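Descriptive analysis of the structure
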Amino acid sequence: MSLKTKTYPCAEIEKLDVNCTLYKIRVVESPSDMIEISWRDTAKRTLELKLEDRTLKLLDHAAIGIYNTLALIDLKKDAQLLIKLPQNYTGKAIFQSKEEPVHLSSLTSKATIGVASSTGEILLENVCCSQLDIRGHQVKINCYSLDTTGSVNISSKNGAINCNLLGSESDYTVSCNTGNRRCTLNGVTGQGDKKVQLNSERGEILFTFQNGISTSKPTSRYDRKDAFQEW
């Protein structure tokens, strides 16, 4: 199937709500003031885009049927969803997946961003936003060169958390909590304006600062299903 693309002026969108089970979600910075969505539909898989009351919702749908291994491979073939988010977008952006990875990279935005996954990997690289909330269940969460103008919350039930923060310890107040104590710091460090909360029930937590000061581990809070319902 051919590549499909739709664009929306970011000033017209207050909330971007992406909730997929089949697509691998990739988010990068947009070079314009437009939110750009690119994807491919197939005979077995389609993406629905719905704009209502300044909320843009993205949902994927699979054809009804019983899928063996080969059929599932075909169902997820070329299932790449690319979202370009403008730097001056000030609304909320939620990216949720069940089993597929969610990858944000080279992204600077004024948005409040939420990311959730049940079992798919969550990866952030060179991301800066006003507020970030990451919620995993049985999933690895890796964040590299992460920055915020406000606060960061990262929680996972069983998966490990690896969080590399730009700047130094003096820039942040980091609170780290873990149920299994597999963490070099279990408590609070720093008195900076940028607030970081790391929580995990059973997964290991590691966080480091760009200047080499490091610590480890958090506590958990939920299953991914409707993780951002309160938003």
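Here, every reference points to the structure presented above.
In this report, the structure presented in the accompanying data block is examined. Being a predicted model, the structure only gives us computed values, none of them experimental.

**Concerning the overall build of the protein**
A tally of regular secondary structure across the protein gives one helix and 18 strands. With the model as given, the accessible surface of the protein reaches about 10800 Å², and the carbon-plus-sulfur share is 47%.

**A short note on the packing of aromatic side chains**
What the rule picks out here adds up to two aromatic pairs. Centre to centre, the rings of Y172 and F209 are 5.9 Å apart; their planes meet at 40 degrees, and the pair counts as tilted. Of this pair, Y172 sits in strand β14 (residues 172-178) while F209 sits in strand β17 (residues 205-209), and the two are 37 residues apart along the sequence. For Y172, a relative accessible area of 1% puts it in the buried group. For F209, a relative accessible area of 2% corresponds to the buried category. Taking the centre distance of 5.6 Å and the plane angle of 85 degrees together, the rings of F207 and F209 count as edge-to-face. For the pair F207 and F209, a shared accessibility class is recorded, and that class is buried. Members of the aromatic cluster, connected to one another through ring pairs, are Y172, F207 and F209.

**Brief notes about the pattern of salt bridges**
Under the definition given, this model contains nine salt bridges. Of the charged contacts in the structure, one is a salt bridge between K4 and D41, with a shortest N-O distance of 2.9 Å. Placement of the pair is K4 in strand β1 (residues 4-9) and D41 in the loop between β4 (34-39) and β5 (45-52), with a sequence separation of 37 residues. Since its relative accessible area comes to 10%, D41 is described here as buried. Note that E201 and K157 form a salt bridge whose closest N and O atoms lie 3.0 Å from each other. Note that E201 is positioned in the loop between β16 (194-200) and β17 and K157 in the loop between β12 (141-156) and β13 (161-165), a separation of 44 residues in sequence.

**Notes on unusual backbone geometry**
Phi at R54 takes a positive value of approximately 65 degrees, unusual for a residue other than glycine. Within the secondary structure, R54 sits in the loop between β5 and β6 (55-62). In the Ramachandran plot, S106 falls in the positive-phi region, its phi being about 45 degrees despite a non-glycine side chain.

**Notes on the environment of L166**
Locating L166 in the fold gives a position in the loop between β13 and β14. Along the primary structure L166 and L146 are separated by 20 residues, whereas in three dimensions their C-alpha atoms are 5.8 Å apart.

**A few points about the environment of C163**
As for its placement among the helices and strands, C163 is situated in strand β13. Considering only alpha carbons, one finds C163 and L198, 35 residues apart in sequence, at a separation of 8.9 Å. When neighbours within four sequence positions are excluded, C163 is seen to be in contact with C143, L146, I154, L206, F207 and T208.

**Details of the pairing of strand β9 (residues 102-108)**
Among the seven residues that make up β9, five are buried, leaving the element largely enclosed by the rest of the structure. As paired strands, strand β3 (residues 24-30) and β9 are joined by three bridges and run parallel to one another. Across the sheet, I25 pairs through a bridge with V102, a residue of β9. Note that β9 and strand β11 (residues 122-136) share six bridges and pair parallel. Residue pairing in the sheet places H103 in a bridge with L123 of β11.

**A few points about the nonpolar core**
Soluble globular proteins tend to bury their nonpolar side chains together. Counting residues in each nonpolar core, the largest one holds 52 residues, and the members touching the most others are L16, L81, L85, F95, I113, L146 and I154. Broken down by element, this core gets its largest block of residues, six residues, from β11.

**A few points about the environment of N164**
Mapped onto the elements of the fold, N164 is located in strand β13. In this structure the C-alpha to C-alpha distance between N164 and E125, which are 39 residues apart in sequence, comes to 9.4 Å. Within the local environment of N164, its side chain forms a polar contact with the backbone nitrogen of S145, the two atoms lying 3.2 Å apart.

**Here we look at the state of the cysteines**
Using the criterion set out here, one finds zero disulfides in the structure. Summary of cysteine pairing: C143 is not part of a disulfide, and the nearest cysteine sulfur, belonging to C163, is at 5.0 Å. We classify C143 as buried; its relative accessible area is 0%.

Definitions and cut-offs
Residues numbered from 1 in each chain as written. Predicted model: local features only at pLDDT ≥ 70, side-chain atom pairs only at ≥ 80, totals over all residues. Heavy atoms only, no water. Helix = DSSP H or I, 4+ residues; strand = E, 2+ residues; numbered from the N terminus. Areas by Shrake-Rupley, 256 points an atom, 1.4 Å probe, with all protein chains shown as cover. Phe/Tyr/Trp six-rings, centres within 6.5 Å; stacked < 30°, edge-to-face > 60°. Buried < 20%, exposed > 50% of the residue type's maximum accessible area, 1.4 Å probe, protein only. Salt bridge = Lys/Arg side-chain N within 4 Å of Asp/Glu carboxyl O. Contact = heavy atoms within 4.5 Å. Pairing = 2+ DSSP bridges. Core = buried A, V, L, I, M, F, W, Y, C linked by side-chain atoms within 4.5 Å. Polar contact = N/O pair within 3.5 Å; in protein donor to acceptor, adjacent residues only side chain to side chain. Disulfide = S-S within 2.5 Å.

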